[in-house]
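Listed here are the chains, written in short residue letters.
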Amino acid sequence: MYLLLFTIIYCVVTQLMNMAYGPAMGIYLISLGLVKGFFSEELKDVFNFKKTKYLYKENGFKKSLIDLLSLILIFANSYSIDYEPFSLFEFVYIFFIIAIVYRFIFWGTTRTICKII
């Protein structure tokens, strides 16, 4: 829940500061990647090199959904900053980028943050 709250606050701040698309997305993803990397126990926990079935059992449905919702909010926030209509190819491209970032980097961030707090 803390990740979702932090994401919403971050989205509001980026809208108020009128940040560009790149920094708004990059600062969030890099900072959470660093937090996850610093507080994870092993390298395979940082980049989620475990099987998807094991990751789902380890994280659970609620935490996995919060991670995905936070990532989608960041992409939606970045899209609203630099609004241009997507073509079908760009929509598919963004979908695959979200899936790859979620699977290999973002999944498990809530569990890592819960360990800190």
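Keep in mind the model is a prediction, meaning the values are calculated, not measured.

A. The packing of aromatic side chains, seen in detail. Summed over all chains, the structure comprises nine aromatic pairs. Ring geometry for Phe95 versus Phe96: centroids 5.8 Å apart, planes at 65 degrees, classification edge-to-face. Of the residues examined, Phe96 reaches a relative accessible area of 49% and is grouped as partly exposed. Every member of this aromatic cluster is reached through a ring pair, and the members are Phe6, Tyr10, Tyr28 and Phe106.

B. Region of interest: the pattern of salt bridges. Applying the stated rule across the entire model yields two salt bridges. The partner of Lys50 in a salt bridge is Glu58, with the nearest N and O atoms 3.4 Å apart. Here Lys50 falls in the buried class, since its relative accessible area comes to 17%. With a closest N to O distance of 2.8 Å, Glu58 and Arg111 form a salt bridge. Of the two residues, Glu58 sits in helix H4 (residues 52-81) while Arg111 sits in helix H6 (residues 109-116), which places them 53 residues apart along the sequence. The exposure class of Glu58 is partly exposed, given its relative accessible area of 27%. The network of salt bridges with common partners includes Lys50, Glu58 and Arg111.

C. Structural context of the state of the cysteines. Scanning the entire structure with this criterion turns up zero disulfides. Distance from the sulfur of Cys11, which forms no disulfide, to the nearest cysteine sulfur (Cys114) is 19 Å. Since its relative accessible area comes to 12%, Cys11 is described here as buried.

D. Focus on the side chain of Asn48. One can find Asn48 in the loop between helix H3 (43-46) and H4. For Asn48, the side chain forms a polar contact with the side chain of Lys36, separated by 3.4 Å. Within polar-contact distance, the side chain of Asn48 engages the backbone oxygen of Trp107 at 2.8 Å.

E. Focus on the nonpolar core. Membership of the largest hydrophobic core comes to 19 residues, with the highest contact counts inside it found for Leu3, Tyr28, Leu32, Leu71, Ile74, Phe75 and Phe106. Looking at this core, the elements that each hand over two or more residues are helix H1 (2-17), helix H2 (21-39), H4 and helix H5 (88-106).

F. Spatial organisation of the side chain of Thr112. With respect to the secondary-structure elements, Thr112 resides in helix H6. Given a relative accessible area of 4%, Thr112 falls into the buried group. If we skip the residues at most four places from it in the chain, Thr112 touches Val35, Lys36, Phe39 and Ser40.

G. Geometry of the confidence of the model for the protein. Chain-level statistics for the protein give a pLDDT mean of 85 and a share of 100% at 70 or above. Element-level pLDDT for the protein is lowest in H3, with a mean of 75, against a maximum mean of 90 in H1.

H. Up close: a nonpolar patch on the surface. On the surface, Leu43, Phe47, Phe49, Phe86, Leu88, Phe91, Val92, Phe95, Phe96, Ile100, Phe104 and Ile105 cluster together to form a nonpolar patch covering roughly 1300 Å² of accessible area. Top element by residues in the nonpolar patch is H5. It accounts for eight residues. As for its position among the elements, Phe91 is in helix H5.

Procedures and definitions
- Residues numbered from 1 in each chain as written.
- Predicted model: local features only at pLDDT ≥ 70, side-chain atom pairs only at ≥ 80, totals over all residues.
- Heavy atoms only, no water.
- Phe/Tyr/Trp six-rings, centres within 6.5 Å; stacked < 30°, edge-to-face > 60°.
- Buried < 20%, exposed > 50% of the residue type's maximum accessible area, 1.4 Å probe, protein only.
- Salt bridge = Lys/Arg side-chain N within 4 Å of Asp/Glu carboxyl O.
- Helix = DSSP H or I, 4+ residues; strand = E, 2+ residues; numbered from the N terminus.
- Disulfide = S-S within 2.5 Å.
- Polar contact = N/O pair within 3.5 Å; in protein donor to acceptor, adjacent residues only side chain to side chain.
- Core = buried A, V, L, I, M, F, W, Y, C linked by side-chain atoms within 4.5 Å.
- Contact = heavy atoms within 4.5 Å.
- pLDDT = per-residue confidence, 0-100.
- Patch = residues over 30% accessible without salt bridge, like charges linked within 9 Å, V, L, I, M, F, W, Y side chains within 5 Å.
- Areas by Shrake-Rupley, 256 points an atom, 1.4 Å probe, with all protein chains shown as cover.

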